Amino acid sequence: MRRIVVAGAGQAGLVLALGLQKRGYAVTVVTDRDAGTIRAGRLISNQCVFEPALRRERALGINFWDGHAPRILGASFGLAGDSAEPAISWEARFDHPAQSVDQRVKVSDWLTAFAERGGEVRIGKVTPELLDGYAREFDLVLVAAGRGPQFDSLFPRDDRHSRYREPQRTIGITYLVSGRDEPLPVYPGLTFGLSPAGELFGLPIQSVRGPVFGLGFFGVPGGSLDVWDDVTDPGEHFELAMTLLRKQFPWVAESLADARPSGPLDVLRGRVLPIVREPVGTLPSGAKVLAMGDAAVTNDPVAGQGANMAAHAAAVYEQSILDHGDRPFDEEFQRRTFAEYWEKAQHATRLSNDFLAPPPDHVLATLEAAQTVPEVAHRFAHIFENPADYAAWLTDEKVSLDYLASKGS
Ligand SMILES: Cc1cc2nc3c(=O)[nH]c(=O)nc-3n(C[C@H](O)[C@H](O)[C@H](O)COP(=O)(O)OP(=O)(O)OC[C@H]3O[C@@H](n4cnc5c(N)ncnc54)[C@H](O)[C@@H]3O)c2cc1C
């Protein structure tokens, strides 16, 4: 039987591990934190997951939250202007609801399920040195240990596909609950606000202690939303978030007037360096290891693509492993597998990188047209679940304007 080890237990590694386990593979997951530690820890992400990734989770029987996680029914867009009302605003319903289950819940439940289904879990921090031992013990070593510099030398930056050298946003997220008996009167979908200082991203989430509203700010460095560096106290984080909301995105503030913080660990601040890496690493022994998820491609979370692409990686890698049968998982296999993933993932990276730059005129014209033409709003709202349509449509000025003209705008 093929033996496969996955280093890192997140949306990428665990979905692959659970998928391969279902197919009868002997899979080992090595992770630096056990399920209880993850669940009791600080929040990790905003993790809005769209239909294609949810479909995969359902097919594997690992979406344990359908039925009680809030359904994310659509997108509500607002462009900050000079007054309290947005200069441009529209809403569009998703064809299929999205879902955001706190990754502390998701990952801890999946890790527990994987072990209960007979998977081997080893707790410990994987280092480049340890990977050589795994390469001797297993037929295939996958590194799914998330973003950051820890495997920089193994998976160096791919200059051809990495647009930025520095993080482009300062992120501050806080989870909120109602301070009264009634739920917060928030929009039951993604609330997206755009301003020259950065973005607002809000959504209903199924969190550790029940439903919350995740409120995130993405500040352009040096601008008025780049304020999180010195904020260590959760109470201060909450007050600052509310002040920014009232000032920059006032039309959203009313629905959160009765909000209070959901817990001291339900805050997150930091920066993400968007990077595409060389996906195949060579160990000192010469053995090859394959990166997946954020360990291979990290996008700024501003367009909500990372967890979705991690799930996509799990699906592509699983199929590639199955198709490969008993042949060795050599470099050719590893490069081919990543290339197949990148076919779709490149569009998510393009979308995320483009969102970090000021919108060009034809995109602003599209956002404006969405106010009056529901079909345009519907199409725009769906680029998050299908970033290939973004690439086919909004990256080309002529294509975009021709489309608007065909819709009478
Ligand atoms: C603020 C924020 C908001 C986001 N919002 C969204 C969103 O709305 N939608 C979306 O799709 N994506 C979103 N993302 C991105 C998404 O969270 C990530 O892209 C996704 O979690 C990547 O999954 P992964 O499995 O590759 O890595 P991770 O989820 O980071 O998992 C890696 C795992 O490996 C473990 N690990 C790390 N190092 C080691 C080691 N050395 N040894 C052993 N184990 C190790 C970690 O503990 C972790 O469990 C957001 C991210 C952030 C930061």
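Residues numbered from 1 in each chain as written. Predicted model: local features only at pLDDT ≥ 70, side-chain atom pairs only at ≥ 80, totals over all residues. Heavy atoms only, no water.

### Regarding the site of the ligand
Thinking step 1. Taken together, 36 residues lie around the ligand, and Asp32, Ser45, Val126, Asp294 and Ala307 are the ones closest in.
Thinking step 2. Ala12 is positioned such that a nitrogen or oxygen atom in its backbone is 2.9 Å from an oxygen atom of the ligand.
Thinking step 3. A distance of 2.8 Å separates a nitrogen atom of the ligand from a polar backbone atom of Val126.
Thinking step 4. Protein contact buries 93% of the 1,000 Å² of open area that the ligand shows by itself.
Thinking step 5. At four residues, helix α8 (residues 306-324) tops the list of elements feeding residues into the shell around the ligand.
Thinking step 6. Of the residues contributing to the shell around the ligand, the split by class is 15 nonpolar, 16 polar and five charged. (Near = heavy atom within 4 Å. Polar contact = N/O pair within 3.5 Å; in protein donor to acceptor, adjacent residues only side chain to side chain. Areas by Shrake-Rupley, 256 points an atom, 1.4 Å probe, with all protein chains shown as cover. Helix = DSSP H or I, 4+ residues; strand = E, 2+ residues; numbered from the N terminus. Nonpolar A, V, L, I, M, F, W, Y, C, P; charged D, E, K, R; others polar.)

### Re the packing of helix α1 (residues 11-22) against helix α4 (residues 103-116)
Thinking step 1. At a minimum axis distance of 10 Å, the contact between α1 and α4 shows a crossing angle of 30 degrees. As summarised for this structure, α1 and α4 are arranged roughly parallel, according to the angle between their axes. Between α1 and α4 lies a crossing of left-handed hand. Packed against α1, whose contacting residues are Gln11, Leu14, Val15, Ala17, Leu18 and Gln21, the element α4 presents Gln103, Lys106, Val107, Trp110, Leu111, Ala113 and Phe114 at the interface. (Axes fitted to C-alpha atoms, helices over the stretch in contact; angles between N-to-C directions. Parallel < 35°, antiparallel > 145°, perpendicular 65-115°, else oblique. Left-handed = near helix turned anticlockwise from the far one by under 90°. Contact = heavy atoms within 4.5 Å.)

### Focus on the side chain of Gln305
Thinking step 1. Its place among the elements puts Gln305 in the loop between β16 (297-298) and α8.
Thinking step 2. Overall, Gln305 belongs to the buried group, its relative accessible area being 0%.
Thinking step 3. Within the structure, the side chain of Gln305 is placed 3.0 Å from the backbone oxygen of Ala303, a separation counted as a polar contact.
Thinking step 4. Of the polar contacts made by the side chain of Gln305, one reaches the backbone oxygen of Phe384; its length is 3.0 Å.
Thinking step 5. Setting aside residues up to four positions removed in sequence, Gln305 forms contacts with Asn299, Ala348, Leu351, Ser352, Phe384 and Pro387. (Buried < 20%, exposed > 50% of the residue type's maximum accessible area, 1.4 Å probe, protein only.)

### Concerning the domain arrangement of the chain
Thinking step 1. The domain architecture assigned to the chain consists of domain 1 (3-63 + 102-164 + 273-355), domain 2 (72-98 + 170-270) and domain 3 (361-406).
Thinking step 2. Summarising the inter-unit geometry, the C-alpha centres of domain 2 and domain 3 are found 24 Å apart.
Thinking step 3. Contacts between the two partners involve 13 residues from domain 2, matched on the other side by ten residues from domain 3.
Thinking step 4. A buried area of about 980 Å², summed over both sides, lies between domain 2 and domain 3, and 71% of it is on carbon and sulfur atoms.
Thinking step 5. Joining domain 2 to domain 3, the criterion identifies zero salt bridges.
Thinking step 6. One can count four residue pairs in polar contact (both at pLDDT 80 or more) joining domain 2 with domain 3. (Domains from an automatic or database assignment. Buried area = accessible area lost by both parts, 1.4 Å probe. Salt bridge = Lys/Arg side-chain N within 4 Å of Asp/Glu carboxyl O.)

### Here we look at helix α11 (residues 374-381)
Each full turn of the α-helix corresponds to 3.6 residues, which orients residues three or four apart in the same direction.
Thinking step 1. Listing the buried residues of α11 in full gives Val376, Ala377, Phe380 and Ala381. Viewed end-on, α11 has its buried residues packed into an arc of 130 degrees, placing them on one side of the element.
Thinking step 2. Lining the buried residues of α11 we find β3 (72-79), β4 (88-98), α9 (331-355), α10 (361-372), α12 (387-393) and α13 (397-406). (Arc of directions from axis to C-beta.)

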